[in-house]
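Close look at the chain arrangement
The residues making up each chain are set out below.
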Amino acid sequence: MENASIHFRNRAAKYNHSSNWVEDQTLIRRIYELSGAGPDALVLDIATGTGLIAREFFGKVKKVVGLDISPEMAQYAEGCMDEIVFAPVEELPFPNDSFDAVVCRQGLQFARLDKAIPEIYRVLKPGGTVVLCHLTAYGTSDRELAFAIQKLRNPARRNYLMPSDMSTALKNQGFQNVADLEYVTEESVNKWIDNGAIPRENMDAIRDLYRSADEEFKRIHNIRFTSDDILDDMLLVLATGRK
Ligand SMILES: C[S@@+](CC[C@H](N)C(=O)[O-])C[C@H]1O[C@@H](n2cnc3c(N)ncnc32)[C@H](O)[C@@H]1O
């Protein structure tokens, strides 16, 4: 497994255009709405990256703090949040009961979940809300190939997720009112794999995997081959809960 800090150092410059979901304002707004954060809320955006999620909260809540391990990603987050903190999600440098909402989009696939979820619970105030948004496979029929593709696209990935994995982890931690919301994002494979951090052979191997995919995978992902690209309807799951 590659080191996530090195991976995102190489990706930082291209990150904001490295998929359709990255820049999807409807998705970003949905995360904000699900958090329930009002003008008095203290909000933590975990794995804030270039600050695209924090930016949605900035100015609408009392304070939004971004947390990440990558200073290179943070260079692009200027003006998106009230404060940035460099630390891993596995060891959050905040006292117990600090935040009204904790959000994280596409960060926990790189983290130790057995440490990250208890930390999120610890820093949330009683009654506070968590919103986790992550790419998953659809089910048992597509997971093998979906995970192989994800691994080639991001060798720093630690967790390969099924739709209910995050909500199960939240329930096991003691979160209440846990729910999942599915969100399908149409991705251009050319755009998604040109992330600045993987070699040409990984990109070619990903295209080969799509071309040789079985019919069931192609049906589930609504795969379309255009003259110069491949389109894949990927699944994101938004898991929410209350402490
Ligand atoms: C795919 S980006 C997501 C950025 C942002 N949340 C978004 O949705 O655009 C993943 C981010 O997770 C950060 N990251 C990886 N492992 C981490 C960890 N253990 N603790 C905190 N951040 C981490 C990376 O540095 C990177 O900025």
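What you see is a predicted model, and the numbers here were worked out from it, not measured in a lab.

Looking at the environment of Ala213
- One can find Ala213 in the loop between helix 9 (200-211) and helix 10 (215-220).
- Given 20 C-beta atoms within 10 Å, Ala213 falls into the buried group.
- Between the alpha carbons of Ala213 and Leu145 there is a distance of 7.6 Å; along the sequence they are 68 residues apart.
- Ignoring sequence-local partners within four residues, the contact set of Ala213 consists of Leu145, Lys218 and Ile223.

A short note on the nonpolar core
- Residues Val43 and Val102 are the most contacted members of the largest nonpolar core, which totals 58 residues.
- Within the second largest apolar cluster, 14 residues are counted, among which are Ile149, Val189, Ala213 and Ile230.

A look at the site of the ligand
- Around the ligand, the surrounding shell holds 20 residues, and the nearest of these are Ala47, Gly49, Ser70, Arg105 and Phe110.
- In the shell around the ligand, the residues fall into 12 nonpolar, five polar and three charged.

A closer look at the confidence of the model for the protein chain
- Residue-level pLDDT values for the protein chain average 96, and 100% of them are 70 or greater.
- When pLDDT is averaged over each element of the protein chain, strand 4 (residues 99-105) comes out on top at 99 and helix 1 (residues 4-11) at the bottom at 89.

Regarding the pairing of strand 2 (residues 63-68)
- Buried residues dominate strand 2, accounting for five of its six residues.
- Where strand 1 (residues 42-46) lies against strand 2, five bridges are found, and the strand directions are parallel. Within the sheet, the bridge partner assigned to Leu42 lies in strand 2 and is Lys63.
- The pairing of strand 2 with strand 3 (residues 83-86) spans four bridges and is classified as parallel. Residue pairing in the sheet places Leu67 in a bridge with Val85 of strand 3.

Some points on the packing of helix 5 (residues 113-123) against helix 7 (residues 165-173)
- Packing of helix 5 against helix 7 brings their axes to within 10 Å, and their N-to-C directions diverge by 60 degrees. On the basis of their axis angle, the class for helix 5 and helix 7 is oblique. Of the two possible hands of crossing, helix 5 and helix 7 adopt the one that is right-handed. Across from Leu113, Ile117, Pro118 and Tyr121 in helix 5, the residues of helix 7 making contact are Ala169, Leu170 and Gln173.

What to know about unusual backbone geometry
- With a phi close to 55 degrees, Ala47 is a non-glycine residue in the positive phi region.
- The class of Ala47 is buried, set by 25 C-beta atoms lying within 10 Å.
- Even without a glycine there, the phi angle at Asn222 is positive, about 50 degrees.
- Summarising the element assignment, Asn222 is placed in the loop between helix 10 and strand 7 (224-225).
- You can call Asn222 exposed: it has 12 C-beta atoms within 10 Å.

Description of the packing of helix 6 (residues 143-153) against helix 9
- Close contact between helix 6 and helix 9 brings their axes to 9 Å; oriented N to C, the two are set at 165 degrees. Compared by their axis directions, helix 6 and helix 9 come out roughly antiparallel. Where helix 6 crosses over helix 9, the two elements pack in a sense that is left-handed. When helix 6 is examined against helix 9, the residues Leu145, Ala148, Ile149, Leu152 and Arg153 are found in contact with a partner set consisting of Asn202, Ala205, Ile206 and Leu209.
- Each residue belonging to the contact of helix 6 with helix 9 can be placed in one class, and the counts come to seven nonpolar, one polar and one charged.

Definitions and cut-offs
Residues numbered from 1 in each chain as written. Predicted model: local features only at pLDDT ≥ 70, side-chain atom pairs only at ≥ 80, totals over all residues. Helix = DSSP H or I, 4+ residues; strand = E, 2+ residues; numbered from the N terminus. Buried ≥ 20, exposed ≤ 12 C-beta atoms within 10 Å, placed from the backbone. Contact = placed C-beta atoms within 7 Å. Core = buried A, V, L, I, M, F, W, Y, C linked by C-beta atoms within 7 Å. Near = placed C-beta within 6 Å. Nonpolar A, V, L, I, M, F, W, Y, C, P; charged D, E, K, R; others polar. pLDDT = per-residue confidence, 0-100. Pairing = 2+ DSSP bridges. Axes fitted to C-alpha atoms, helices over the stretch in contact; angles between N-to-C directions. Parallel < 35°, antiparallel > 145°, perpendicular 65-115°, else oblique. Left-handed = near helix turned anticlockwise from the far one by under 90°.

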